[in-house]
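Take a look at the letters that make up each chain.
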Amino acid sequence: MNTVVHLSAPQRRGPDLKELLAQVAFGDQTAFGQLYDAVAGPVFGLVRRVLRDPAQSEEVTQEVMLEVWRSAARYQPERGEVMSWVLTIAHRRAVDRVRSAQAATEREQRAAARSHVPAFDEVAEQVEGRLEREQVRRCLRSLTDLQRESVSMAYYRGFSYREVADMLGVPLGTIKTRMRDGLIRLRDCLGVAS
């Protein structure tokens, strides 16, 4: 009877991250390479979930790994596992990148809003026009009847001085004088510089 013995494959254990990080703290580049290989994938995955942009995720992953290299001596084993420590650094970096991007966008929007020249405001134009017309009407009411009628016929209806004189039955010289006096009074009333 042949007995088949099943040998289970030896379980592959990952590298001892605490030992690698301790060696990295002393500047061991080979240990850093091994640590990098062990944690860069999970770091990239976490950063990618936060940022969603592959290029930025790669950049932030490199920043995280550089920070791990520089701050390996500050790792405190009693406070948690190496992978948790590295992923905490990664999460903070990714969130900082998101906040930085949001702040930059908000700054650009505020700058654009400050430099934005408002488009033609039709309502403001209408109100201004109405106010100007009301001021002209008020000033016209301050003229004598002959001045008001002469100015209205010449400027609002487009008649010549001669036509105004004929329609009103007044000599042309009188119309010219009344219109000149009326226009001077209008100018003064409207505050227009001569």
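Keep in mind the model is a prediction, meaning the values are calculated, not measured.

Draft legend 1. Spotlight on helix α2 (residues 29-51). A rise of 1.5 Å per residue sets the reference length of α2, with its 23 residues, at 33 Å; its end C-alpha atoms lie only 29 Å apart and thus fall more than 12% short of the reference. Considered for burial, the residues of α2 that qualify are A31, F32, L35, V39, A40, V43, L46, V47 and L51. Of the surrounding elements, those touching the buried residues of α2 are α1 (17-25), α3 (54-71) and α4 (82-115). Of the residues that open α2, the one with a side-chain oxygen 2.9 Å from the backbone nitrogen of T30 is D28. Just beyond α2, the residue with positive phi is R52, at close to 65°.

Draft legend 2. Structural view of the layout of surface pockets. By volume, the largest pocket is sized at about 180 Å³. Lining the largest pocket are R74, Y75, Q76, R79, G80, E81, S84, W85 and T88. Considering only residue class, the lining of the largest pocket consists of two nonpolar, four polar and three charged.

Draft legend 3. Structural view of α3. Spanning 18 residues, α3 covers 25 Å between terminal C-alpha atoms, matching the ideal 26 Å at 1.5 Å per step. Within α3 the residues assigned to the buried category are S57, V60, T61, V64, M65, V68 and S71. The arc enclosing the buried residues of α3, seen along the axis, measures out at 145°, which places them on a common side. Opposite the buried face of α3, by more than 90 degrees, sit the exposed residues A55 and R70. On its buried face, α3 sits against α1, α2 and α4. For α3, the side-chain oxygen to backbone nitrogen distance between the N-cap and A55 is 3.1 Å, and the N-cap itself is D53.

Draft legend 4. Fine view of the confidence of the model for the protein. On average, residues of the protein carry a pLDDT of 85, and 89% of them reach 70 or more. For the stretch residues 5-10, pLDDT sits under 50, and the model shows zero contacts to residues farther than four places along the chain or on other chains.

Draft legend 5. View of the environment of R70. Here R70 is to be found in helix α3. For R70, a relative accessible area of 63% puts it in the exposed group. Residues R70 and A25, spaced 45 residues apart in sequence, show a C-alpha to C-alpha distance of 7.9 Å.

Draft legend 6. Structural detail: the side chain of S150. Among the secondary structure elements, S150 is positioned in helix α6 (residues 145-156). At 2.7 Å, the side chain of S150 forms a polar contact with the backbone oxygen of L146. Not counting the four nearest positions on each side in its chain, S150 is found in contact with V164, L168, I175 and M179.

Draft legend 7. Up close: the nonpolar core. Within the largest apolar cluster, 24 residues are counted, with the highest numbers of intra-cluster contacts made by L21, L35, V64, V68 and V86. Put simply, the parts of the chain that give this core at least two residues each are α1, α2, α3 and α4. A total of eight residues in this core trace back to one element, the largest contributor, which is α2. Excluding its chain neighbours within four sequence positions, the residues that come into contact with V86 are V39, V43, V64 and V68. Among the nonpolar cores identified, the runner-up in size contains seven residues, and M153, A165, I175 and M179 belong to it.

Calculation criteria
- Residues numbered from 1 in each chain as written.
- Predicted model: local features only at pLDDT ≥ 70, side-chain atom pairs only at ≥ 80, totals over all residues.
- Heavy atoms only, no water.
- Helix = DSSP H or I, 4+ residues; strand = E, 2+ residues; numbered from the N terminus.
- Expected span 1.5 Å × (residues − 1).
- Buried < 20%, exposed > 50% of the residue type's maximum accessible area, 1.4 Å probe, protein only.
- Contact = heavy atoms within 4.5 Å.
- Polar contact = N/O pair within 3.5 Å; in protein donor to acceptor, adjacent residues only side chain to side chain.
- 1 Å grid on protein atoms, 1.4 Å probe; cavity = no way out; pocket = protein on both sides within 12 Å on 5 of 7 lines; lining within 4 Å.
- Points joined across faces, edges and corners; volume = space filled by probe spheres on them.
- Nonpolar A, V, L, I, M, F, W, Y, C, P; charged D, E, K, R; others polar.
- Arc of directions from axis to C-beta.
- pLDDT = per-residue confidence, 0-100.
- Core = buried A, V, L, I, M, F, W, Y, C linked by side-chain atoms within 4.5 Å.

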